[in-house]
Amino acid sequence: MPMAMEPPTTEAGDELESYSSLGLTVPHSQKGDAEFPKVLLLLSVYLDKIVQQNEELLDSSKVKESTTIFHGQRVPELSIKLYAERIFKYAQCSPSCFVLGLIYMERYLQQPNIYVTSFSVHRLLITSVVAAAKFIDDSFFNNAYYGRVGGISTREMNTLELDLLFSLDFRLKVNLETFRNYCLQLEKEALSFVLERPIQVQATNGSRPLICNGSADEICKHELVRERYSSQALQGCSW
């Protein structure tokens, strides 16, 4: 269900203030010390809103849903908010990747009879953010690592990424006006939803987590430490 975009009405100063408010201007070197950027909360609230709307629509039997490769057999235990925070913590991607990821998700959902639900939102989110990180960030990990972050296998991560890219016809470029409108509308839509219906973070009965356990977390932490150490060593080298 695409977001209804409005024509831009803000000046450059307001635009920068919006980016700062969302946490998009946090330098890469300070990400490890900063709190989770606000964009993660707003994105998760907005996705919760869309998921609930879609599931109510599907439950009414007014539409027929086409199952996609992103659908799991069960609803993951982690809330969307906690899952987004996990991606940000371990994938080390820039906050802007989550805005770009949302744009990719909504482009994907423009296909007929495709709806994001509790069964598909987690896989679609990790895949879209990974695609965004590879497109705009200076450095990124391989899919084996991203799979551990997202709690899925390397093979599934590869398959999901390819399906998303081909569905988007590899159209990953987003112009500045579209990006700006998503930032403004994301805050507006998500905050209005919070006032109407507080976000639920409890696990769903009968749900199970994606493969996010202590062992996988330790592997991710080890990978990050090694990456940072290698980066520091290279900066100190005299070629």
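The rules behind each value
- Residues numbered from 1 in each chain as written.
- Predicted model: local features only at pLDDT ≥ 70, side-chain atom pairs only at ≥ 80, totals over all residues.
- Heavy atoms only, no water.
- UniProt positions renumbered as here; feature names shortened; annotations may be inferred.
- Helix = DSSP H or I, 4+ residues; strand = E, 2+ residues; numbered from the N terminus.
- Contact = heavy atoms within 4.5 Å.
- Patch = residues over 30% accessible without salt bridge, like charges linked within 9 Å, V, L, I, M, F, W, Y side chains within 5 Å.
- Areas by Shrake-Rupley, 256 points an atom, 1.4 Å probe, with all protein chains shown as cover.
- Salt bridge = Lys/Arg side-chain N within 4 Å of Asp/Glu carboxyl O.
- Buried < 20%, exposed > 50% of the residue type's maximum accessible area, 1.4 Å probe, protein only.
- Core = buried A, V, L, I, M, F, W, Y, C linked by side-chain atoms within 4.5 Å.

Under an unreviewed UniProt entry, the chain has the name Cyclin and belongs to Urochloa decumbens. The chain has a UniProt comment under Sequence similarities (unreviewed entry) that states "Belongs to the cyclin family. Cyclin U/P subfamily."

**Q** Tell me about the environment of F119, and please be specific about residues and values.
**A** Mapped onto the fold, F119 is located in the loop between α4 (96–108) and α5 (121–136). In the structure, F119 is positioned 68 residues away from V51 in sequence and 9.5 Å away in space, judged by C-alpha atoms. Those residues in contact with F119 that sit more than four places away from it in its chain are F70, H71, G72, Q73, R74 and V75.

**Q** Break down a nonpolar patch on the surface for me, with residues and values.
**A** There is a patch of nonpolar side chains on the surface, built from L162, F166 and F170 and spanning about 350 Å² of accessible area. The topology assignment puts L162 in helix α7 (residues 154–167). A relative accessible area of 46% places L162 in the partly exposed class.

**Q** How would you sum up the nonpolar core? Please name residues and give values.
**A** Grouped together as the largest cluster of nonpolar side chains are 54 residues, with contacts concentrated most on L47, F98 and L125. Breaking this core down by element, the ones donating at least two residues are α2 (38–59), α3 (80–91), α4, α5, α6 (143–150), α7 and α8 (176–196). Sequence-distant contacts of L125, defined by excluding residues within four places in its chain, comprise L43, L47, I80, Y83, A84, I87 and M105.

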